[in-house]
Amino acid sequence: MTNLPSRRRFLAACGVSLASLPYRAHAADGFPRRPVTLLVPFPAGGTADVTYRVLATATEPYLGQPVVIENRPGASATLGVMAMLNTPPDGYRLTIVHSAVLRMQLMQKTPYDARKDITPIIAISAFNVGLMVRKDSPFRTFKDFVEAARKNPGGVSYGSNGAATAQHLALVQVAEQEGVQFNHIPYKGDAEATNALLGGHIDAHAGGTGMGELVDGGKARWLALFSDERLARWPDVPTLYDLGYQIPASSPNGIVGPAGMDPSVVRTLHDAFKQALFSPSHRQALERAGQAVQYLDGEDFGKLLVQHYALEHERIAKAGLLAAP
C-alpha cells in the first residue's frame with residue numbers, strides 16, 4: 001500500500017482521477033480565505049452582466065471560493081472603479097475595466113487615474129456593439145438611417161447605454177462626417193433601451209451584441225455592427241469599416257484590482273480566471289453575446305490599456321469632448 005495522503009487515497013478508491021479535479025492555486029498567505037467580490041459596472045441582465053456572471057460561476061471551482069457579483073451601473077460604467085478606489089489591495093474586491101473608464105477621465109475630472117490606480121489582472125474579451133431597428137422599421141440599411149436624418153435633422157432618434165459610450169461617440173463621428181443630426185437618447189442599459197425600441201419610443205438602439213437574440217428571433221435587425229471585423233454569427237451584417245467609416249468602437253475589457261496588489265495574489269486570481277475564461281460555459285456565453293475570447297495576462301493587459309488610452313484621447317479630441325488640461 002502506498003503512503004498517499006488520506007484524501008488522495010479516498011479519491012483513488014472511489015475511482016476519481018486527480019487530473020480531473022479543478023486546480024486551485026493559492027497565494028502564499030492562503031488567499032483566498034473568503035468570497036471575492038467582482039464589481040460589475042453594468043445593469044443586471046445586460047450583455048456584460050450575463051457573460052461576467054457565467055465567468056464568475058466558472059471561476060469558483062478553481063479559486064476555491066465564491067465570486068460574488070455586485071452590480072454598480074451608471075456614470076458611463078465607471079462606478080466599479082470608483083467603488084474600488086479606497087479598497088485594500090488584498091484581492092477581495094475587483095472590478096471590470098473597459099474603454100469607457102479611460103474615456104471618462106479624458107472628458108472630465110475623475111477621482112481615479114486608470115493608468116495609476118489599478119492592477120491589471122487579466123483581459124477577457126471585447127465588447128461589440130451595433131445599431132438595431134425593429135423588424136417593421138422603414139430603415140433597411142444604415143444608409144437609410146443616415147439619409148432620414150439628413151432630410152429631418154434631429155427627427156431620427158436612437159438610444160444608447162449613455163453619453164460618451166463607444167457607440168454614442170461612433171455615431172457622433174458618423175453624424176459629423178455626414179453632416180447630419182441624430183437625436184440621441186441615453187438609457188441605463190440595453191434592457192431599458194430595448195424596451196423603448198420595441199415599444200416604438202425610439203427609432204433605433206445602439207447597444208451590445210448581446211441583444212442579438214432579438215435579431216435571431218425575427219423581432220429586430222442590425223443595420224450595422226461597430227466591431228473590428230464582421231462577426232461569424234451575422235456574416236451578412238456590415239461593419240462601420242465596411243461602410244467606409246474608419247471609426248473604432250469595440251471595447252477591450254478585463255478584470256483589475258486596486259493598485260499595489262501582492263504579485264502572488266494577482267497570480268492566483270489570474271490563474272483561476274484564465275481556467276474559467278476558456279471553459280465551455282463561458283465560451284458559449286461570449287458567443288451568444290457576439291464576443292470572442294481575447295485573453296491577455298495582467299502585464300499585457302496593462303500595455304493594451306495604455307495603447308487604448310492614446311486611442312481614446314484621439315477619438316475624444318476629434319469629437320470635441322476633450323477636457324481642458
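What counts and how
- Residues numbered from 1 in each chain as written.
- Predicted model: local features only at pLDDT ≥ 70, side-chain atom pairs only at ≥ 80, totals over all residues.
- Heavy atoms only, no water.
- Helix = DSSP H or I, 4+ residues; strand = E, 2+ residues; numbered from the N terminus.
- Rg over C-alpha atoms; globule rule 2.2 N^0.38 Å.
- Areas by Shrake-Rupley, 256 points an atom, 1.4 Å probe, with all protein chains shown as cover.
- Lys, Arg positive; Asp, Glu negative; His and termini not counted.
- Charge placed at Lys NZ, Arg CZ, Asp CG, Glu CD.
- Salt bridge = Lys/Arg side-chain N within 4 Å of Asp/Glu carboxyl O.
- Buried < 20%, exposed > 50% of the residue type's maximum accessible area, 1.4 Å probe, protein only.
- Pairing = 2+ DSSP bridges.
- Axes fitted to C-alpha atoms, helices over the stretch in contact; angles between N-to-C directions.
- Core = buried A, V, L, I, M, F, W, Y, C linked by side-chain atoms within 4.5 Å.
- Contact = heavy atoms within 4.5 Å.
- Right-handed = clockwise from strand over helix to strand, strands pointing away.

**Some points on the overall build of the chain**
Line of reasoning, step 1. Helix and strand counts for the chain come out as eleven helices and eleven strands.
Line of reasoning, step 2. Relative to the globule expectation of 20 Å for 325 residues, the C-alpha radius of gyration of the chain, 22 Å, shows essentially globular dimensions.
Line of reasoning, step 3. Dimensions of the chain, computed from the C-alpha atoms along their principal axes, are close to 85 × 50 × 30 Å.
Line of reasoning, step 4. Of the roughly 14,800 Å² that the chain leaves accessible, carbon and sulfur atoms contribute 52%.
Line of reasoning, step 5. Averaging the coordinates of the 31 positive side-chain charges in the chain and doing the same for the 29 negative ones gives two points 5 Å apart.

**Observations regarding the pattern of salt bridges**
Opposite charge on two side chains permits them to pair, given that their charged atoms come into close proximity.
Line of reasoning, step 1. Enumeration over the complete set of coordinates arrives at 14 salt bridges.
Line of reasoning, step 2. Residue Asp-113 is joined to Arg-115 by a salt bridge in which the shortest nitrogen-to-oxygen separation is 3.1 Å.
Line of reasoning, step 3. The exposure class of Arg-115 is exposed, given its relative accessible area of 51%.
Line of reasoning, step 4. Residues Lys-303 and Asp-300 are paired through a salt bridge, measuring 4.0 Å at the closest nitrogen-oxygen approach. Of the two residues, Lys-303 and Asp-300 both sit in helix H11 (residues 298-318), three residues apart, roughly one turn of that helix.
Line of reasoning, step 5. Accessibility expressed as a relative area gives 32% for Asp-300, which makes it partly exposed.
Line of reasoning, step 6. A single network of salt bridges, built from pairs that share partners, joins Glu-70, Arg-72 and Arg-93.

**Here we look at the sheet that holds strand E5 (residues 129-134)**
Line of reasoning, step 1. On the basis of which strands lie adjacent, the open sheet formed by five strands has the order E7-E6-E8-E5-E9 and mixed pairing. The two strands at the open ends of the sheet, each matched to only one other strand, are strand E7 (183-186) and strand E9 (220-225). Strand-to-strand twist across the sheet, computed as the mean angle between neighbouring axes with direction ignored, equals 30°.
Line of reasoning, step 2. Of the pairings in the sheet, the one linking strand E6 (residues 157-160) to strand E8 (residues 204-208) comprises two bridges and is parallel in character. Bridge pairing in E8 links Gly-159 to His-205.

**Here's the deal with the nonpolar core**
Line of reasoning, step 1. Leu-38, Tyr-52, Leu-55, Leu-94, Ile-121, Ile-255 and Leu-269 are the most contacted members of the largest nonpolar core, which has 31 residues in total.
Line of reasoning, step 2. The set of elements that each furnish at least two residues to this core consists of strand E1 (36-40), helix H2 (47-63), strand E2 (67-71), strand E3 (93-97), strand E4 (118-127) and helix H9 (263-277).
Line of reasoning, step 3. Apart from the residues within four sequence positions on either side, Tyr-52 is in contact with Leu-38, Val-40, Ile-69, Ile-96, Ile-124, Phe-127, Asn-253, Gly-254 and Ile-255.
Line of reasoning, step 4. Formed by 26 residues, the second largest nonpolar core is a distinct cluster that contains Val-180, Ala-206, Leu-223 and Ala-224.

**Comments concerning the pairing of E1**
Line of reasoning, step 1. Across the five residues that make up E1, a large majority, five, are buried.
Line of reasoning, step 2. Neither face of E1 is exposed, since Val-36, Leu-38 and Val-40 on one face and Thr-37 and Leu-39 on the opposite face are all buried.
Line of reasoning, step 3. Here E1 pairs with E2 via five bridges, running parallel. Of the residues in E2, the one forming a bridge with Leu-38 is Ile-69.
Line of reasoning, step 4. For the crossover from E1 across H2 to E2, the handedness is right-handed.
Line of reasoning, step 5. When E1 meets E3, the two strands line up parallel, connected through three bridges.

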